[in-house]
Amino acid sequence: MILTVSHIMKRFQNPVLEDVSFSVRKGEFLVLFGPNGCGKTTLLHIIAGVMQPDSGSVRCPKKIGFVFQNYRDALFPWKTNLENIAFPLELQRVPKQERLRKATKLVEKLTLSVPLNQYPYQSSGGEQQLVSLLRELLSKPDLLLMDEPFSALHHESRAYLRNTVQDLARKLKLTVVFVTHDITEAVQLGDRVVLLNSKKEVRVTLSRAERVVHSKAFQRMRKKFEAHL
Amino acid sequence: MKKVLSLVLLLMFWIFLTWTNSVHPVFLPPMHSVLHALHDLLLSSGLDVMSTLGRTIAGFLLGVFIAVPLGVFLGVHRGLYNTVSWYIDFLRSVPVTAMFPLFLVFFGFGNTSKIAMSAWASGFILLVNTINGVRSTKLNRRVMAQVKHATRTQILTKITFPETLPFIFTGMKIGTSWSLIVVLVAEMFIGTTHGLGRRIYDASILFDTPMVLACIFIVGCVGLVTNYLLTLWEKSVVHWKV
């Protein structure tokens, strides 16, 4: 297991997380599903190590990527999109020319269309979130945490990015913990879905071809999923 | 175009009032006498302009160099800020003019006291702006860097400081005005051999209104040019906010 979360408890004024446990295999796409305010973001912060649980433990790899819901607050508006993508290498003190070259190479390798020389505020929401994602991918994380990354985007960008993430996860064999409160998103993307409120798990047994909203298999899976809510 | 037209109308109104003797020249002197005073001032009082400008810039820069690092430090160390915020709020509420005697005691009658007062005035504005800037930085950016094992210095220099820049620029724009105001008042009331404040004070004692207006015009130009240059700099550095 690449990630093991054991009996996590966290409370602020009220209990937010109560005895949460799950584990993730290498290369698995796990979706954490729950309504707003059920502690999904808190759980990701605990996994990322930027917040301590009241009790319980987390065993996770050192190299973690984090994609946020609010891409505007996560990107640096004083850097171009290319410089934003290259930021993890800047922290590793890689010389500027080299890190920009590596960032460009990554974008070309993944054949994605990103306005690299624009600033984030000159780009669309979808492009900005794609830049956030590419920034995390550049450091080749062992575990990618995604906190409702598409919920602030309009429908078209959301659908495009959902497909992009699905493709990238397979192509790069990413291990992903993806937080959402959108059933369609959970069923389309996840290999397994953990329902945070009821602490149940649903295994998504859909082939890649079936992971389209209009397929019968998808609708059956969705109904099975809803039965657990 | 509208700006030029409004200026022309204003000047014509001025000429009309003085030409018809509607206003006593002590209150509103004829335009030609003000232009004459301005000519004299520019020819003979370059040292006055340079002295005032020099003190303003020195005081302002001193304020920047002290207040910005201190503001970043206090903004990052919230516990310490909560302890000392009361002192900051108290000291920034006291008009620097009320503290003239203390500055004179500590720094004497020379340039040092005027520069120190100017630094005090602009420094507190910059300090409060910088602290607010640091405190309003986005959590997500820091979390992202922490997850990538960034050092505290890296977070401070690569994230917190650039994110605070819009607040620092706002502080600098207000701070320069205050530096200039305090230097002028200090030149008037503490006294100096050269300086626009001293010129205004001397002219006002002699009821030399044309010279007073000429000095005010120069001071206004200094303020306007400073603000314009700072705005240009701000646009190039903080392009995402302007």
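Residues numbered from 1 in each chain as written. Chains lettered and ligands numbered in written order. Predicted model: local features only at pLDDT ≥ 70, side-chain atom pairs only at ≥ 80, totals over all residues. Heavy atoms only, no water.

**Quick word on the packing of aromatic side chains**
Stated precisely, the cut-off is as follows: Aromatic rings from Phe, Tyr and Trp, taking only the six-membered ring of Trp, are treated as a pair when their centres fall within 6.5 Å; an angle between ring planes under 30 degrees marks them as stacked, one over 60 as edge-to-face, and anything in between as tilted. Note on geometry: a ring has a charge over it if NZ (lysine) or CZ (arginine) is within 6 Å of the ring centre and within 35 degrees of the ring normal.
Within this structure, the stated rule accounts for 15 aromatic pairs over all chains. Relative to tyrosine 121 of chain A, the ring of tyrosine 119 of chain A has its centre 5.7 Å away and its plane inclined at 10 degrees; by these criteria the two rings are stacked. By the ring-pair criterion, three or more aromatic residues cluster together here, those being Phe103, Phe106, Phe107, Trp120 and Phe124 of chain B. Looking at arginine 135 of chain A, its charged tip hangs above the ring of phenylalanine 76 of chain A, at a distance of 5.5 Å from the centre.

**Some details on the confidence of the model for chain B**
All names here are of chain B. Definition in use: Each residue carries a pLDDT value, the predictor's own confidence for that position, ranging from 0 to 100. Here a strand is any run of E in DSSP of at least two residues, a helix any run of H or I of at least four, and the numbering for each starts at the N terminus.
Summary statistics for chain B give a mean pLDDT of 92 and a share of 100% for residues scoring 70 or more. Ranking the elements of chain B by mean pLDDT puts helix H2 (residues 31–44) last with 88 and helix H6 (residues 111–135) first with 95. Reported confidence for the predicted complex is 0.85 by ipTM and 0.86 by pTM.

**Some points on the pairing of strand E9 (residues 200–203) of chain A**
All names here are of chain A. Selection rule: Any two strands between which DSSP finds at least two bridges are classified as paired.
Sheet analysis places strand E8 (residues 192–195) next to E9, joined by 4 bridges and oriented antiparallel. By the bridge assignment for E9, arginine 192 is matched with arginine 203. In textbook terms, the turn of a hairpin is the stretch between consecutive antiparallel strands, and for E8 and E9 this stretch comprises 4 residues, one of which, lysine 199, has a positive phi near 60 degrees.

**Looking at the nonpolar core**
Counted only if it meets this: As used in this record, nonpolar core signifies buried Ala, Val, Leu, Ile, Met, Phe, Trp, Tyr and Cys residues forming a set joined through side-chain atoms within 4.5 Å. When accessible area is computed with a 1.4 Å probe and restricted to protein chains, residues below 20% of their type maximum are described as buried, those above 50% as exposed, and intermediate ones as partly exposed. We call two residues in contact whenever any of their non-hydrogen atoms come within 4.5 Å of each other.
Within the largest apolar cluster, 55 residues are counted, with the highest numbers of intra-cluster contacts made by Leu3, Phe22, Leu32, Leu43, Ile47 and Leu145 of chain A. The element contributing the most residues to this core is helix H8 (residues 152–189) of chain B, with 6 residues. Among residues more than four places away in sequence, those in contact with phenylalanine 22 of chain A are Leu3, Thr4, Val5, Leu30, Leu32, Leu43, Ile47, Val194 and Glu201 of chain A. In this structure, Leu130, Leu133, Ala186 and Val193 of chain A belong to the second largest nonpolar core, which totals 49 residues.

**Considerations on the sheet that holds strand E4 (residues 55–59) of chain A**
All names here are of chain A. Filter applied, for reference: Only the stretch in contact is used when a helix axis is fitted, and all axes are lines through C-alpha atoms; the angle between N-to-C directions ranges over 0 to 180 degrees.
In space, the 3 strands of this open sheet follow the order E2-E1-E4, with antiparallel pairing throughout. Either end of the sheet is taken by a strand with one partner, and the two such strands are strand E2 (15–24) and E4. Along the sheet, successive strands turn relative to each other by an average axial angle of 15 degrees, direction set aside. Bridge count between strand E1 (residues 3–11) and E4: 4 bridges; the pairing is antiparallel. Bridge pairing in E4 places methionine 9 opposite serine 55.

**Some words on helix H8 (residues 216–227) of chain A**
All names here are of chain A. Cut-off, in case you're wondering: The span you would expect from a helix comes to 1.5 Å times its residue count less one. It is the directions from the helix axis to the C-beta atoms that the arc portrays.
The end-to-end C-alpha distance of H8, which contains 12 residues, comes to 17 Å, matching closely the 16 Å that a straight helix rising 1.5 Å per residue would cover. Taken as a whole, H8 has its buried residues at Ala217, Phe218, Met221 and Phe225. When H8 is viewed along its axis, its buried side chains cluster within an angular range of 100 degrees and face the same direction. Opposite the packed face of H8, turned more than 90 degrees from it, sit the exposed residues Lys216, Arg220, Lys223 and Ala227. On the buried face of H8, the contacting elements are strand E3 (29–33), helix H7 (183–189), E8 and E9.

**A short note on the sheet that holds E9 of chain A**
All names here are of chain A. The strand order across the open sheet formed by 6 strands is E5-E6-E7-E3-E8-E9, and the pairing between neighbours is mixed. Because the sheet does not close on itself, it has two edges, and the strands there are strand E5 (64–67) and E9. On average, each strand axis in the sheet is tilted by 20 degrees relative to the strand beside it, whichever way the strands run. Pairing between E3 and E8: 4 bridges, direction parallel. Note that in E8 the partner of phenylalanine 33 across the bridge is leucine 195. Along the sheet, H8 contacts E3, E8 and E9; its crossing angle with E9, the most-contacted strand, is approximately 170 degrees.

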